[in-house]
Amino acid sequence: MNAPVEGFSKLSKAQKIDWIAKNCTTDAKATKQLLERYWNTDEAVQKLHDEFIENTLSNYYLPFAVAPNFLIDGELRTIPMAIEESSVVAAASKAAKFWLTRGGFKTEILGTEKVGQVHFIFKGDSKKLSAFFNEIHAELLKSVSAITENMKKRGGGINAIELRDWTHKIEGYFQLHCTFETLDAMGANFINSCLEQFAITLKEKASIYPNFTEEERNLEVVMSILSNYVPNCLVKAEVSCPISELGDNDMAAREFAEKFVRAVDIANVEPFRAVTHNKGIMNGIDAVVLATGNDFRAVEAGIHAYAAKNGQYSSLTHAAIEGDRFKFWIEIPLALGTVGGLTTLHPLVKLALEILQHPSAKELMRIVAVAGLAQNFAAVKSLVTTGIQKGHMKMHLLNMLNQMGATEEEKAQMVDYFKHNTVSNASVKEAMEKIRAK
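What you see is a predicted model; the values in this text were computed from it and never measured. (Residues numbered from 1 in each chain as written. Predicted model: local features only at pLDDT ≥ 70, side-chain atom pairs only at ≥ 80, totals over all residues. Heavy atoms only, no water.)

A. The sheet that holds strand β3 (residues 106–109), seen in detail. Reading across the sheet, the 4 strands line up as β3-β8-β10-β9 and stay open at both edges, with antiparallel pairing between neighbours. In the strand order of this sheet, the two ends are held by β3 and β9 (317–322), each with one partner. Along the sheet, successive strands turn relative to each other by an average axial angle of 20°, direction set aside. Where strand β8 (residues 234–242) lies against strand β10 (residues 325–333), 9 bridges are found, and the strand directions are antiparallel. Of the residues in β10, the one forming a bridge with alanine 237 is isoleucine 330. Relative to the sheet, helix α13 (residues 361–384) contacts β3, β8, β9 and β10, its axis offset from that of β8 by approximately 50°. (Pairing = 2+ DSSP bridges. Helix = DSSP H or I, 4+ residues; strand = E, 2+ residues; numbered from the N terminus. Axes fitted to C-alpha atoms, helices over the stretch in contact; angles between N-to-C directions. Contact = heavy atoms within 4.5 Å.)

Pasting the structure below:
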């Protein structure tokens, strides 16, 4: 690309592809063929995908998989997952199978409250602002009645509006801190619509408030936006069993329990370990969030903020030995939806929700939390016993073989060989050379 392009968004899809192929790649024909190869053969479905975002050229595939045998609150579930990383689905499935005969996963919804804020600058007497807010509180709620009507009929709506003083951080900075209940919707559009109307009403009422000075009437709204930090939209998932049931061929039960707890304790006090520890948790969480058409970036941001809620980034999971029992649990904020957005548009999202038996938002919170806990259990179990690479590299083997252009016969021989040998880039390359030399 040698110069800026004008009006790119106004080009047709074909014209955009032509421009990209000509200006940004070395083989225009191959580029066009590759992009078209990933189009859906059903034109209506492809049009749907084209209109999800802007400047669409093609579809970017991620593997869509399932992890079966999850016993959650006494009910068996198969969990859909969309992720590209080797061993994630296998690890989740292995953890599900492990806990299937040990009581399964237990979950609890601790809250479903979501947050939005109107940020504004007020230069004046904070006591007068507080009195003003108290006077217009009912009018703020009334101003969004048309927006909240349907949500209220379903049992949701606005929980509270609070005036918060942040002038100790930024001169003149205040906010309307608002909390919402959005039921089965993630609620971003609903919340933001309410906030923007609050901002309009706030500014209008301030401009004519008789007790304000001229400067005080000139209240400045900076922005109105939901927060992806939802510390009161919480779910807890846990597993527990007698320590005696934890033993296997890798390690004795008591030793395993003690090492496992120490490993989690390390993630609680050591941020460098905590980040990788939590990343493993998010492998499971993000995969389900993606598969069900939810916003994994919002979920990631909120969860990582929660991991630092006490002033230091730490583990999202906790483990303990209580008498003769082992206990492992997670408590995380999750703002999810099962209606609206991609949930009613994307064909695979609809299938994922069907596989989950059409869960409510609360049920999906429980399932996602369990996926994260299961993933972490499998990862920590490997770390304190055989090491993480043994299982991960064997799952990565097929990727390595595909990179080498292995035939199906060669893959079968290599998979059989590495059942009893250590997988590494060097060892796979060496074994492949020996097979091909025969």
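There's more to say after this.
B. The arrangement of the packing of aromatic side chains in detail. A complete count under the given rule lists 21 aromatic pairs for this structure. Judged by centre distance (5.5 Å) and plane angle (65°), the rings of phenylalanine 8 and tryptophan 19 are edge-to-face. Residue phenylalanine 8 is located in the segment before α1 (13–24), and its partner tryptophan 19 is located in helix α1; the two are separated by 11 residues in the primary sequence. Their ring planes at 55° and their centres at 5.6 Å tell us that phenylalanine 256 and phenylalanine 260 sit as a pair that is tilted. Highlighted residues: phenylalanine 256 and phenylalanine 260, both in helix α9 (residues 253–269), separated by 4 residues, approximately one helical turn. Looking at phenylalanine 256, the relative accessible area reads 2%, which means it is buried. (Phe/Tyr/Trp six-rings, centres within 6.5 Å; stacked < 30°, edge-to-face > 60°. Buried < 20%, exposed > 50% of the residue type's maximum accessible area, 1.4 Å probe, protein only.)

C. Fine view of the packing of helix α10 (residues 271–291) against helix α11 (residues 296–307). The interhelical angle for the contact between α10 and α11, taken along N-to-C directions, is 150°, at an axis separation of 10 Å. Classified by the interaxial angle, the pair formed by α10 and α11 is roughly antiparallel. Read as a crossing pair, α10 and α11 show a hand that is right-handed. Across the interface between the two elements, Asn278, Met282, Ile285, Asp286, Val289 and Leu290 from α10 touch Phe296, Val299, Glu300, Ile303, His304 and Ala307 from α11. Of the residues belonging to the contact of α10 with α11, the class tally is 8 nonpolar, 2 polar and 2 charged. (Parallel < 35°, antiparallel > 145°, perpendicular 65-115°, else oblique. Left-handed = near helix turned anticlockwise from the far one by under 90°. Nonpolar A, V, L, I, M, F, W, Y, C, P; charged D, E, K, R; others polar.)

D. Layout of the nonpolar core. Core analysis: the largest hydrophobic core is formed by 96 residues, its most contacted members being Phe70, Leu176, Phe198, Ile285, Phe326 and Leu334. No other element matches α13, which puts 13 residues into this core. Setting aside residues no more than four positions away along its own chain, isoleucine 285 makes contact with Val299, Ile303, Ile332, Leu334, Val368 and Gly372. (Core = buried A, V, L, I, M, F, W, Y, C linked by side-chain atoms within 4.5 Å.)

E. Fine view of α10. Taking 1.5 Å per residue as the helical rise, α10 with its 21 residues ought to reach 30 Å, and the 29 Å between its terminal C-alpha atoms agrees with that figure. Maximum bend of α10: about 30°, positioned at methionine 282. Where α10 starts, the residue carrying a side-chain oxygen 2.7 Å from the main-chain nitrogen of phenylalanine 272 turns out to be glutamate 270. Taken from the residues just after α10, glycine 293 is the one with a positive phi, measuring 75°. (Expected span 1.5 Å × (residues − 1). Bend = angle between axes of the 7 residues up to and from the residue. Polar contact = N/O pair within 3.5 Å; in protein donor to acceptor, adjacent residues only side chain to side chain.)

F. Examining the environment of alanine 437 more closely. Structurally, alanine 437 is set in helix α16 (residues 425–437). Taking the C-alpha atoms as reference points, alanine 437 and asparagine 278, 159 residues apart in sequence, are found 44 Å from one another.

G. Quick look at the side chain of threonine 148. Within the element layout of this structure, threonine 148 appears in helix α6 (residues 145–153). Take threonine 148: its relative accessible area is 4%, and that puts it in the buried class.

H. View of the pairing of β8. In this structure, β3 lies alongside β8, joined through 4 bridges in antiparallel fashion. Paired with lysine 106 across the bridge in β8 is glutamate 238.

I. Molecular detail of α1. Look at α1: 16 Å from first C-alpha to last across 12 residues, which is about the 16 Å you get at 1.5 Å a residue. Every buried residue of α1 is listed here: Lys16, Ile17, Trp19, Ile20 and Ala21. In this fold, the buried residues of α1 make contact with α2 (28–37).

J. Fine view of the sheet that holds strand β6 (residues 173–181). With antiparallel pairing, 4 strands are arranged side by side in an open sheet as β5-β6-β4-β7. In the strand order of this sheet, the two ends are held by β5 (157–165) and β7 (220–227), each with one partner. Between one strand and the next, the sheet's axes are offset by a mean angle of 15°, whatever the strand orientation. Alignment of strand β4 (residues 114–121) against β6, held across 8 bridges, turns out to be antiparallel. Across the sheet, residue valine 115 finds its bridge partner in β6, namely threonine 179. Packing of helix α5 (residues 126–143) onto the sheet brings it into contact with β4, β5 and β6, and relative to β5 it is tilted by some 170°. Set on the sheet, helix α7 (residues 188–207) makes contact with β4, β5, β6 and β7; between it and β7 the angle comes to about 160°.

K. Structural view of the packing of α10 against α13. As a packed pair, α10 and α13 sit with axes 8 Å apart at the nearest point and diverge in direction by 135°. Relative to α13, the element α10 lies oblique. As α10 runs across α13, the sense of the crossing is right-handed. Along the contact surface, α10 presents Arg273, His277, Gly280, Ile281, Asn283, Gly284, Ile285, Val288 and Val289, while α13 presents Val368, Ala371, Gly372, Gln375, Asn376, Val380 and Leu383.

L. Quick peek at unusual backbone geometry. Positioned with a positive phi, glutamine 357 is a non-glycine residue whose angle comes to about 65°. Positive phi, close to 50°, is recorded for histidine 358, a residue that is not glycine.

M. Quick look at the side chain of threonine 201. Among the structural elements, threonine 201 can be located in helix α7. Leaving out residues up to four positions away in the same chain, threonine 201 has contacts with Glu139, Leu140 and Ser143.

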